[in-house]
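# Summary of the model geometry
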Amino acid sequence: ARVADFIARATPPDLSILDVVVKAVVETLQIAFLGTFFSVLISFPLGLLAAANLTPRGVHLSVKTVLTLMRAVPVILLALLFVSALGLGAVAGVIAVTVHSVGMLGKFFAEALENAAPGPQEALDSAGATWWQKVRFAVIKPVMPDFVRDSLFRLELNIREAEILGLVGAGGIGLYIQLYSRSFQYPKVATLTIVVVLIAVIVEQLSVALRRRLR
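Worth saying up front: this structure is predicted, and the values here are computed from it rather than measured.

Turning our attention to the nonpolar core. Judged by nonpolar contacts, the single largest core of 30 residues is most densely connected at Leu165, Ile173, Tyr180 and Leu192. For this core, the elements supplying multiple residues, two or more each, are helix H2 (18–50), helix H4 (75–86), helix H5 (90–114), helix H7 (131–162), helix H8 (173–182) and helix H9 (186–213). Discounting chain neighbours no more than four positions away, the residues touching leucine 165 are Ile31, Val75, Ile76, Ala79, Gly93, Val97, Ala170 and Gly171. Of all hydrophobic cores here, the second largest spans 13 residues; its members include Leu105, Leu113, Val139 and Val143.

What follows is the structure, encoded as C-alpha coordinates:
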(Lines give C-alpha, C1' and ligand atoms only; values in the text may rest on other atoms or scores of the structure.)
Protein backbone atom coordinates (compact mmCIF):
# COMPACT_ATOMS: atom_id res chain seq x y z
CA ALA A 1 0.00 0.00 0.00
CA ARG A 2 2.83 2.40 0.80
CA VAL A 3 4.54 1.67 -2.51
CA ALA A 4 1.30 2.34 -4.38
CA ASP A 5 0.87 5.60 -2.45
CA PHE A 6 4.42 6.66 -3.32
CA ILE A 7 3.89 5.94 -7.02
CA ALA A 8 0.63 7.88 -6.97
CA ARG A 9 2.33 10.92 -5.42
CA ALA A 10 5.17 10.73 -7.99
CA THR A 11 2.81 10.63 -10.96
CA PRO A 12 2.92 12.34 -13.38
CA PRO A 13 6.62 13.34 -13.55
CA ASP A 14 7.28 17.06 -13.22
CA LEU A 15 8.79 18.30 -16.49
CA SER A 16 9.20 21.87 -15.25
CA ILE A 17 12.70 21.06 -13.97
CA LEU A 18 14.28 20.39 -17.37
CA ASP A 19 16.88 23.11 -16.73
CA VAL A 20 17.84 21.35 -13.51
CA VAL A 21 17.95 18.03 -15.37
CA VAL A 22 20.38 19.43 -17.95
CA LYS A 23 22.61 20.88 -15.25
CA ALA A 24 22.57 17.66 -13.25
CA VAL A 25 23.33 15.47 -16.27
CA VAL A 26 26.23 17.70 -17.36
CA GLU A 27 27.74 17.62 -13.86
CA THR A 28 27.31 13.85 -13.65
CA LEU A 29 29.06 13.33 -16.99
CA GLN A 30 31.84 15.70 -15.96
CA ILE A 31 32.47 13.69 -12.80
CA ALA A 32 32.55 10.43 -14.75
CA PHE A 33 34.76 11.66 -17.60
CA LEU A 34 37.25 13.47 -15.37
CA GLY A 35 37.43 10.54 -12.96
CA THR A 36 38.05 8.15 -15.86
CA PHE A 37 40.63 10.43 -17.48
CA PHE A 38 42.68 10.85 -14.30
CA SER A 39 42.41 7.15 -13.47
CA VAL A 40 43.75 6.14 -16.90
CA LEU A 41 46.72 8.48 -16.47
CA ILE A 42 47.51 7.03 -13.04
CA SER A 43 46.73 3.41 -13.90
CA PHE A 44 49.11 3.23 -16.84
CA PRO A 45 52.36 3.54 -14.84
CA LEU A 46 50.89 1.50 -11.98
CA GLY A 47 49.93 -1.23 -14.46
CA LEU A 48 53.51 -1.33 -15.71
CA LEU A 49 54.81 -1.67 -12.15
CA ALA A 50 52.21 -4.35 -11.31
CA ALA A 51 52.99 -6.56 -14.33
CA ALA A 52 54.85 -9.67 -13.19
CA ASN A 53 56.75 -9.97 -16.48
CA LEU A 54 58.13 -6.41 -16.32
CA THR A 55 59.16 -5.76 -12.72
CA PRO A 56 60.81 -7.66 -9.84
CA ARG A 57 58.61 -9.76 -7.58
CA GLY A 58 58.75 -7.35 -4.66
CA VAL A 59 57.66 -4.42 -6.83
CA HIS A 60 54.72 -5.98 -8.64
CA LEU A 61 53.36 -7.69 -5.53
CA SER A 62 53.48 -4.43 -3.57
CA VAL A 63 51.73 -2.47 -6.31
CA LYS A 64 49.08 -5.17 -6.75
CA THR A 65 48.39 -5.03 -3.02
CA VAL A 66 47.87 -1.26 -3.20
CA LEU A 67 45.53 -1.66 -6.19
CA THR A 68 43.53 -4.30 -4.30
CA LEU A 69 43.10 -1.96 -1.33
CA MET A 70 41.99 0.89 -3.61
CA ARG A 71 39.20 -1.10 -5.24
CA ALA A 72 38.20 -2.87 -2.01
CA VAL A 73 36.51 0.25 -0.63
CA PRO A 74 33.11 0.92 -2.30
CA VAL A 75 33.03 4.12 -4.32
CA ILE A 76 30.08 5.46 -2.31
CA LEU A 77 32.13 5.14 0.88
CA LEU A 78 35.09 6.84 -0.78
CA ALA A 79 32.79 9.67 -1.82
CA LEU A 80 31.51 10.00 1.75
CA LEU A 81 35.08 10.16 3.07
CA PHE A 82 36.15 12.79 0.55
CA VAL A 83 33.01 14.84 1.14
CA SER A 84 33.85 14.83 4.84
CA ALA A 85 37.42 15.92 4.07
CA LEU A 86 36.83 18.38 1.21
CA GLY A 87 33.21 19.46 1.61
CA LEU A 88 30.16 19.06 -0.62
CA GLY A 89 30.55 19.20 -4.37
CA ALA A 90 31.72 17.48 -7.51
CA VAL A 91 35.42 17.61 -6.57
CA ALA A 92 34.90 14.93 -3.94
CA GLY A 93 33.02 12.86 -6.51
CA VAL A 94 35.80 13.13 -9.09
CA ILE A 95 38.45 12.05 -6.57
CA ALA A 96 36.34 9.14 -5.34
CA VAL A 97 35.71 7.90 -8.88
CA THR A 98 39.40 8.31 -9.73
CA VAL A 99 40.65 6.34 -6.72
CA HIS A 100 38.22 3.47 -7.19
CA SER A 101 38.84 3.35 -10.95
CA VAL A 102 42.61 3.18 -10.49
CA GLY A 103 42.17 0.05 -8.39
CA MET A 104 40.32 -1.68 -11.23
CA LEU A 105 42.12 -0.28 -14.28
CA GLY A 106 45.55 -0.81 -12.75
CA LYS A 107 44.69 -4.49 -12.32
CA PHE A 108 43.27 -4.80 -15.84
CA PHE A 109 46.26 -3.03 -17.41
CA ALA A 110 48.72 -5.25 -15.51
CA GLU A 111 46.92 -8.41 -16.62
CA ALA A 112 46.91 -7.24 -20.25
CA LEU A 113 50.65 -6.57 -20.08
CA GLU A 114 51.31 -9.95 -18.49
CA ASN A 115 49.43 -11.68 -21.33
CA ALA A 116 51.59 -10.09 -24.03
CA ALA A 117 53.33 -12.66 -26.25
CA PRO A 118 56.93 -13.26 -25.08
CA GLY A 119 58.29 -13.80 -28.62
CA PRO A 120 58.65 -10.14 -29.64
CA GLN A 121 60.18 -9.34 -26.25
CA GLU A 122 62.83 -12.03 -26.69
CA ALA A 123 63.58 -10.85 -30.22
CA LEU A 124 64.14 -7.26 -29.08
CA ASP A 125 66.17 -8.47 -26.12
CA SER A 126 68.50 -10.42 -28.42
CA ALA A 127 68.86 -7.30 -30.58
CA GLY A 128 70.10 -5.32 -27.59
CA ALA A 129 67.00 -3.21 -26.99
CA THR A 130 66.62 -1.35 -23.71
CA TRP A 131 63.93 -2.21 -21.14
CA TRP A 132 61.73 0.67 -22.23
CA GLN A 133 62.11 -0.20 -25.93
CA LYS A 134 61.00 -3.76 -25.22
CA VAL A 135 58.06 -2.54 -23.15
CA ARG A 136 57.02 0.07 -25.70
CA PHE A 137 57.16 -1.99 -28.89
CA ALA A 138 56.71 -5.60 -27.72
CA VAL A 139 54.32 -5.18 -24.78
CA ILE A 140 52.36 -1.93 -24.78
CA LYS A 141 51.69 -1.63 -28.52
CA PRO A 142 50.10 -5.11 -28.93
CA VAL A 143 47.83 -4.70 -25.88
CA MET A 144 46.75 -1.09 -26.55
CA PRO A 145 43.30 -2.21 -27.83
CA ASP A 146 42.80 -3.97 -24.48
CA PHE A 147 43.65 -0.73 -22.67
CA VAL A 148 41.07 1.17 -24.71
CA ARG A 149 38.35 -1.45 -24.16
CA ASP A 150 39.01 -1.55 -20.42
CA SER A 151 38.92 2.25 -20.22
CA LEU A 152 35.60 2.42 -22.08
CA PHE A 153 34.13 -0.24 -19.81
CA ARG A 154 35.28 1.69 -16.75
CA LEU A 155 33.81 4.92 -18.16
CA GLU A 156 30.46 3.17 -18.48
CA LEU A 157 30.65 2.08 -14.83
CA ASN A 158 31.77 5.53 -13.70
CA ILE A 159 28.80 7.24 -15.33
CA ARG A 160 26.46 4.92 -13.43
CA GLU A 161 28.32 5.45 -10.18
CA ALA A 162 28.46 9.23 -10.66
CA GLU A 163 24.65 9.24 -10.80
CA ILE A 164 24.39 8.11 -7.17
CA LEU A 165 27.37 9.87 -5.57
CA GLY A 166 25.18 12.91 -4.99
CA LEU A 167 23.28 10.93 -2.36
CA VAL A 168 26.25 11.57 -0.05
CA GLY A 169 26.81 15.12 -1.30
CA ALA A 170 29.40 14.46 -4.03
CA GLY A 171 27.55 16.29 -6.82
CA GLY A 172 25.75 15.00 -9.87
CA ILE A 173 22.16 14.01 -10.47
CA GLY A 174 21.99 12.07 -7.19
CA LEU A 175 22.32 15.31 -5.24
CA TYR A 176 19.12 16.69 -6.78
CA ILE A 177 17.30 13.40 -6.21
CA GLN A 178 18.25 13.63 -2.56
CA LEU A 179 17.17 17.28 -2.27
CA TYR A 180 13.77 16.69 -3.88
CA SER A 181 13.19 13.51 -1.87
CA ARG A 182 13.83 15.30 1.41
CA SER A 183 11.34 18.02 0.46
CA PHE A 184 8.77 15.40 -0.66
CA GLN A 185 8.71 16.66 -4.27
CA TYR A 186 8.19 13.20 -5.68
CA PRO A 187 7.13 14.18 -9.23
CA LYS A 188 10.53 15.85 -9.63
CA VAL A 189 12.21 12.72 -8.23
CA ALA A 190 10.33 10.67 -10.81
CA THR A 191 11.63 12.89 -13.62
CA LEU A 192 15.22 12.52 -12.47
CA THR A 193 14.79 8.77 -12.03
CA ILE A 194 13.58 8.43 -15.62
CA VAL A 195 16.62 10.42 -16.76
CA VAL A 196 18.93 8.11 -14.80
CA VAL A 197 17.43 5.08 -16.53
CA LEU A 198 17.74 6.70 -19.97
CA ILE A 199 21.37 7.61 -19.36
CA ALA A 200 22.16 4.06 -18.27
CA VAL A 201 20.57 2.57 -21.40
CA ILE A 202 22.20 5.03 -23.81
CA VAL A 203 25.66 4.73 -22.24
CA GLU A 204 25.52 0.94 -22.25
CA GLN A 205 24.55 0.80 -25.92
CA LEU A 206 27.28 3.26 -26.91
CA SER A 207 29.89 1.42 -24.87
CA VAL A 208 28.97 -1.96 -26.35
CA ALA A 209 29.09 -0.54 -29.88
CA LEU A 210 32.50 1.07 -29.36
CA ARG A 211 34.01 -2.01 -27.74
CA ARG A 212 32.65 -4.19 -30.56
CA ARG A 213 34.41 -2.01 -33.12
CA LEU A 214 37.71 -2.46 -31.25
CA ARG A 215 37.64 -6.26 -31.40
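Structure's up, so let's keep going.
Here the focus is a nonpolar patch on the surface. Together, Ile76, Leu77, Leu80, Leu81, Ile164 and Leu167 make up a nonpolar patch on the protein surface, roughly 480 Å² of accessible area in all. On the secondary structure map, leucine 80 appears in helix H4. Looking at leucine 80, the relative accessible area reads 40%, which means it is partly exposed.

Here H4 contains twelve residues, and its C-alpha end-to-end distance of 16 Å stays within 8% of the 16 Å for a straight helix at 1.5 Å per residue. Among the residues of H4, Val75, Leu78, Ala79 and Val83 are the ones counted as buried. Buried positions in H4, seen along its axis, are confined to an arc of 135° and lie on one side of it. Opposite its buried face, H4 presents the exposed residues Ser84 and Ala85, each directed more than 90 degrees away. Contact partners of the buried residues in H4: helix H3 (57–72), H5 and H7. Note on H4: the residue one or two positions beyond its end, glycine 87, has a positive phi of about 95°.

Calculation rules
- Residues numbered from 1 in each chain as written.
- Predicted model: local features only at pLDDT ≥ 70, side-chain atom pairs only at ≥ 80, totals over all residues.
- Heavy atoms only, no water.
- Core = buried A, V, L, I, M, F, W, Y, C linked by side-chain atoms within 4.5 Å.
- Buried < 20%, exposed > 50% of the residue type's maximum accessible area, 1.4 Å probe, protein only.
- Helix = DSSP H or I, 4+ residues; strand = E, 2+ residues; numbered from the N terminus.
- Contact = heavy atoms within 4.5 Å.
- Patch = residues over 30% accessible without salt bridge, like charges linked within 9 Å, V, L, I, M, F, W, Y side chains within 5 Å.
- Areas by Shrake-Rupley, 256 points an atom, 1.4 Å probe, with all protein chains shown as cover.
- Salt bridge = Lys/Arg side-chain N within 4 Å of Asp/Glu carboxyl O.
- Expected span 1.5 Å × (residues − 1).
- Arc of directions from axis to C-beta.

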